[in-house]
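# Understanding the architecture of this molecule
What follows is each chain in one-letter form.
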Amino acid sequence: MIVPISLFVFIGAHAIGQGAVIWVYISEIFPNHVRSYGQSIGTSTHWILAFIIPSSVPLLIAKIGAGSMFLFFAIMMVFQFIWVLFVMPETKGVSLEDLEKQLVPNPDIVCFGEILWDIFPNKKVIGGAPLNVALRLHSQGHLVGIISRLGDDDNGKNALEYLKRENFPIEGIQIDDSLQTGEVLVSLNDQGSATYSITQPVAWDAIEYNSVTEELVKNAKVFLFGSLACRNNKEKRVLFYF
């Protein structure tokens, strides 16, 4: 009689605990810029192990006996309880943004300035000196952030999608409802020499100083900015805040 009672107690406890909470936790614990990847990996890992562990039960019973097998699982659950109690952060009542601040360290290097698209006759390439520097440092494993501004347009959305694919943090990138994303129109002559026309005003001409940008810069060891970020007085004033 004790066996079915124990099984029912386990099933009930699992249903109101780990069995339900894990799916909420997976959707909350990863930073915004890698949340989709994290959820995919977490979900896949869960279902793979949910297949492997029950499938191994008959083999374990045959090898070490049912008592030893359940004792092993019980010890693992004790370890899990200790891990949850002391390591896993509480997410109840905490916004995703605040949770990310707890889990992701501030960048050591912050770049300030333009994110734009270089528009060639036959293609467009994402660029801007501050972004190029930030992406290169990011690829070398440095903790890097960028403070910039994009328009609420296709170029802005494409830029954000590109950065997400690169797993680059986008918390310092603002969205402008009225100004377009920066563009540089590139013309090539017969010899292949380029002429550049930098459009203005654009979104990165209106970068704002706020609590997010302040938090990014607060603990940074290096602060980099491009010369284009100083082309109007408003941006100069914002830059001097840092």
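Quick look at the structure, then. (Residues numbered from 1 in each chain as written. Predicted model: local features only at pLDDT ≥ 70, side-chain atom pairs only at ≥ 80, totals over all residues. Heavy atoms only, no water.)

Taken in spatial order, the four strands make up an open sheet running E5-E4-E1-E8, and their pairing is parallel. Each end of this open sheet is capped by a strand with a single partner; those strands are strand E5 (173–176) and strand E8 (222–225). Geometrically, the sheet is characterised by an average inter-axis angle of 15° between neighbouring strands, direction not taken into account. Sheet analysis places strand E4 (residues 144–151) next to E5, joined by four bridges and oriented parallel. Looking across to E5, one finds that Arg149 is bridged to Gln174. (Pairing = 2+ DSSP bridges. Helix = DSSP H or I, 4+ residues; strand = E, 2+ residues; numbered from the N terminus. Axes fitted to C-alpha atoms, helices over the stretch in contact; angles between N-to-C directions.)

A word on the sheet that holds strand E6 (residues 182–188). Strand order in the open sheet formed by four strands is E3-E2-E6-E7, and the pairing between neighbours is mixed. Only two strands of the sheet have a single neighbouring strand rather than two, namely strand E3 (124–127) and strand E7 (194–198). Strand-to-strand, the axes of this sheet are offset by a mean angle of 25°, without reference to chain direction. When E6 meets E7, the two strands line up antiparallel, connected through five bridges. Directly across from Ser187, in E7, lies its bridge partner Thr195. Across the sheet, helix H7 (residues 154–165) is in contact with strand E2 (116–119), E3 and E6; its angle to E3 comes to roughly 65°. (Contact = heavy atoms within 4.5 Å.)

Quick look at the packing of helix H2 (residues 18–29) against helix H3 (residues 35–64) now. Where H2 contacts H3, the axes come no closer than 8 Å and their chain directions differ by 150°. Put simply, H2 runs roughly antiparallel to H3. Crossing angle aside, the handedness with which H2 passes H3 is right-handed. On the side of H2, the interface is formed by Ile22, Trp23, Ile26, Ser27 and Glu28, while H3 contributes Arg35, Gln39, Gly42, Thr43, His46 and Trp47. Classifying every residue of the contact of H2 with H3 by side-chain character gives four nonpolar, five polar and two charged. (Parallel < 35°, antiparallel > 145°, perpendicular 65-115°, else oblique. Left-handed = near helix turned anticlockwise from the far one by under 90°. Nonpolar A, V, L, I, M, F, W, Y, C, P; charged D, E, K, R; others polar.)

Along the chain, the position of Gln174 falls in strand E5. Among the polar contacts listed, one links the side chain of Gln174 to the side chain of Arg149, at a separation of 2.6 Å. Here Glu208 takes part through its backbone oxygen, which lies 2.7 Å from a polar atom of the side chain of Gln174. Ignoring sequence-local partners within four residues, the contact set of Gln174 consists of Ser148, Arg149, Leu150, Ala206, Ile207, Glu208, Asn210 and Thr213. (Polar contact = N/O pair within 3.5 Å; in protein donor to acceptor, adjacent residues only side chain to side chain.)

What follows is about the environment of Gln18. Turning to its location among the elements, Gln18 is positioned in helix H2. Once you skip the residues sitting within four places of it in the chain, Gln18 turns out to touch Met77 and Gln80.

The next thing to look at is the packing of H3 against helix H4 (residues 66–86). Where H3 meets H4, the closest approach of the two axes is 7 Å, and the angle between their N-to-C directions is 130°. Here H4 runs oblique to H3, going by the angle between their axes. Residues Ile53, Val57, Leu60, Ile61 and Ile64 of H3 form the contact with H4, whose own contacting residues are Ala66, Ser68, Met69 and Phe73. Looking at the contact of H3 with H4 residue by residue, the classes come out as eight nonpolar, one polar and no charged.

The calculated volume of the largest pocket comes to roughly 1900 Å³. Together, 39 residues line the largest pocket, and His14, Gln18, His46, Met77 and Gln80 are the ones closest to its centre. When residues of the lining of the largest pocket are traced back to their parent elements, those giving at least two are helix H1 (2–16), H2, H3 and H4. At 12 residues, the largest contribution of residues to the lining of the largest pocket is made by H4. (1 Å grid on protein atoms, 1.4 Å probe; cavity = no way out; pocket = protein on both sides within 12 Å on 5 of 7 lines; lining within 4 Å. Points joined across faces, edges and corners; volume = space filled by probe spheres on them.)

The next thing to look at is the nonpolar core. Grouped together as the largest cluster of nonpolar side chains are 18 residues, with contacts concentrated most on Ile115, Leu131, Ile146, Leu163, Phe168 and Ile173. At the level of elements, strand E1 (109–112), helix H6 (129–139), E4 and H7 are the ones that each hand at least two residues to this core. Among the elements that make up this core, the one with the highest residue count is H6 (four residues). Listed in part, the 14 residues of the second largest apolar core include Val184, Ile207, Leu216 and Val238. (Core = buried A, V, L, I, M, F, W, Y, C linked by side-chain atoms within 4.5 Å. Buried < 20%, exposed > 50% of the residue type's maximum accessible area, 1.4 Å probe, protein only.)

This paragraph deals with the pattern of salt bridges. Taken as a whole and judged by the stated rule, the model has four salt bridges. Salt-bridge contacts for Asp205 lead to Arg231; the nearest nitrogen and oxygen are separated by 2.7 Å. Residue Asp205 is located in the loop between E7 and helix H8 (211–218), and its partner Arg231 is located in the loop between E8 and helix H9 (233–241); the two are separated by 26 residues in the primary sequence. Given the relative accessible area of 7%, Asp205 is considered buried. According to the relative accessible area criterion, Arg231 is partly exposed, its value standing at 25%. Salt bridges sharing common partners tie together Arg149, Asp176 and Glu208. (Salt bridge = Lys/Arg side-chain N within 4 Å of Asp/Glu carboxyl O.)

Interpretation in functional terms is not warranted from these geometric data alone.
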